[in-house]
Amino acid sequence: MDKLIIKGGRRLHGEVKISGAKNSVLPLMASAILASGVSTMSNVPDLKDVETMGHLLENMGAEFSASNSSVTVDTTAMNGMTAPYHLVRTMRASVLVLGPLLARMGKAIVSLPGGCAIGARPINIHLESLQKMGADIVLEDGYVKAYASRLHGAHISFDIPTVTGTENLMMAATLADGETVIENAACEPEVVDLADSLQKMGAKIEGAGTSKIRIFGVDDLKPVSHSVIADRIETATFMVAAAITGGNLFIRGARPDDLRSVIEKLCEAGISVSDDSPDGIRVWSDGKLQAVNFKTMPYPGFPTDMQAQLMTLLSVAEGTSIITESIFENRYMHVAELDRLGAEIRVDGAVAMVKGVSRLRGAQVMATDLRASASLVLAGLVAEGKTTVCRIYHLDRGYEAIEKKLLAVGADIVREKD
Ligand code: EPZ
């Protein structure tokens, strides 16, 4: 297993290029199932999760190739409909093949993902909604076994605005008989990116990006060529990296409108942000940061995927911050590791109280999940001395070449084999 060795104290400066969005390319690759032929995605990040989704599609008889930030999926000879446990357990987003398989093949056998570090993460809303569209679903031997000769339109109201649930149902509804309405749909930019791509395939979709999406089923779809939007969570992570080190970064390719809640919080904490360039966002700080309170919410609220990273920033801010994690029930695994670096954070249920300290001190810490890993790297950038972040395979799932990007803007960081 690899680890990252970071020597803190360097102010980051210069320019970093943001890669394509992990949480957009994964549903986009799954949507290739909906059409027979060769679909291509560009601006694709080189991530473990992209490779895993590719293996999943190959396991169903599709052909997958990846090179130069592009992936190609050829579903012409696709004949399978199974997503096996050994792949699904490494990537929960595998559930995204469920809707497209049912719509295209009439059958899907997808391993239940099981829990993960940040919570139980059930898929009951996905399954109940597909049943409303006429799918017969049984849970057997740890698998979801779903059948539908042809899905029919339905009026669906989500109890929770689930992101992959919205994406699964939107994809399933594109080939259903009649109209499907999804109420309380997720509004994330990645949902809009998927809808844009589906429309290029011939799907009829209205309202993506709002909480009410209408999909009018068609008989078939054609393959697509689509460019993936920039990763807003990678962007926000580098914004925090500039802020926490008292540096100045231009983040090329960033989309400010995807990040209004994050920009607002960073400015409240005393960080300077300029987002009037069409090419990206500039972030700078004198390193004097103020405590802020925030609660994670569905988009456009503050993203749960940035909770750990902002917590790191607040651990060295002036004053005490109150954080409320409202999306996942166990997304504070990074707290104990940050405390090892000298942070003063106390957790009580969904609430974390972060008392800013004057400095963090380097130590060996362990990554537990993707965004927690990023928070530990950010802490290492500002901690005195050497910080070693172990088990960074978590990080490699969602950040493309993060140590190379940080090195290029002045960080003292190196990857080593464990
Ligand atoms: C997506 O996960 C993202 N993953 C997550 O990013 C992100 O944290 C999450 O949305 C919230 O924004 C991808 O897009 C691949 P949800 P998803 O369904 O769709 C509950 C990262 O770090 N729920 O919106 O799995 C669920 O337990 C990852 O990049 C049900 O109860 O999240 C959670 O409490 C982590 N039943 C809440 O809804 C369901 O059927 C939101 O989950 C579905 C969800």
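The structure contained in this document is the topic of the report that follows. (Residues numbered from 1 in each chain as written. Predicted model: local features only at pLDDT ≥ 70, side-chain atom pairs only at ≥ 80, totals over all residues. Heavy atoms only, no water.)

### Describing the sheet that holds strand S12 (residues 204-206)
Thought 1: Taken in spatial order, the four strands line up as S10-S11-S13-S12 in an open sheet, and their pairing is mixed. Pairing within the sheet leaves two strands with one partner each, and these edge strands are strand S10 (155-157) and S12. On average, each strand axis in the sheet is inclined to that of its neighbour by 15°, with strand direction left out of account.
Thought 2: In terms of strand pairing, S10 meets strand S11 (residues 179-183) through three bridges, oriented parallel. Considered in S11, the bridge of isoleucine 156 is made with isoleucine 182. (Pairing = 2+ DSSP bridges. Helix = DSSP H or I, 4+ residues; strand = E, 2+ residues; numbered from the N terminus. Axes fitted to C-alpha atoms, helices over the stretch in contact; angles between N-to-C directions.)

### Overview of the pairing of strand S8 (residues 136-140)
Thought 1: Where S8 and strand S9 (residues 143-147) come together, five bridges link them in antiparallel fashion. Counterpart to aspartate 136 in the pairing with S9 is tyrosine 147.
Thought 2: Here S8 folds back onto S9, and the loop between the two strands holds two residues, one of which, aspartate 141, carries a positive phi near 50°.

### A word on the layout of surface pockets
Thought 1: Looking at the second largest pocket, its volume works out to about 310 Å³.
Thought 2: Along its surface, the second largest pocket is lined by 15 residues, and Ile244, Thr245, Gly287, Ser358 and Val382 are the ones closest to its centre. (1 Å grid on protein atoms, 1.4 Å probe; cavity = no way out; pocket = protein on both sides within 12 Å on 5 of 7 lines; lining within 4 Å. Points joined across faces, edges and corners; volume = space filled by probe spheres on them.)

### Things to note about the environment of serine 261
Thought 1: For serine 261, the location among the structural elements is in helix H9 (residues 260-268).
Thought 2: Of the residues examined, serine 261 reaches a relative accessible area of 17% and is grouped as buried.
Thought 3: Between the alpha carbons of serine 261 and phenylalanine 302 there is a distance of 5.3 Å; along the sequence they are 41 residues apart.
Thought 4: Those residues within four positions of serine 261 in sequence are excluded, and the remaining contacts are Pro300, Gly301, Phe302 and Pro303.
Thought 5: For serine 261, the side chain forms a polar contact with the main-chain oxygen of glycine 301, separated by 3.3 Å. (Buried < 20%, exposed > 50% of the residue type's maximum accessible area, 1.4 Å probe, protein only. Contact = heavy atoms within 4.5 Å. Polar contact = N/O pair within 3.5 Å; in protein donor to acceptor, adjacent residues only side chain to side chain.)

### Structural notes on the site of the ligand
Thought 1: The immediate surroundings of the ligand are formed by 20 residues, with Ile125, Thr162, Thr164, Asp305 and Ile327 found nearest.
Thought 2: In this structure, arginine 121 approaches the ligand through a side-chain N or O atom, which is 3.0 Å from an oxygen atom.
Thought 3: In the model, an oxygen atom of the ligand is placed 2.7 Å from a nitrogen or oxygen of the isoleucine 125 main chain.
Thought 4: The protein chains hide 87% of the 830 Å² of surface that the ligand would expose on its own. (Near = heavy atom within 4 Å. Areas by Shrake-Rupley, 256 points an atom, 1.4 Å probe, with all protein chains shown as cover.)

### Let's talk about the sheet that holds strand S17 (residues 280-284)
Thought 1: One open sheet holds the four strands; their spatial order is S2-S15-S17-S16, and the pairing between them is mixed. Here the strands that pair on one side only, and so sit at the sheet edges, are strand S2 (13-17) and strand S16 (272-277). When strand polarity is set aside, the average angle formed by the axes of neighbouring strands in this sheet is 20°.
Thought 2: Relative to S17, S16 runs antiparallel, the two being bridged by four bridges. From the neighbouring strand, serine 272 faces S17, where its bridge partner is tryptophan 284.
Thought 3: Contacts between helix H8 (residues 232-244) and the sheet are confined to S2, strand S15 (248-252), S16 and S17, with S15 contributing the most and set at about 165° to the helix.

Purely geometric stuff here, so don't read any function into it on its own.
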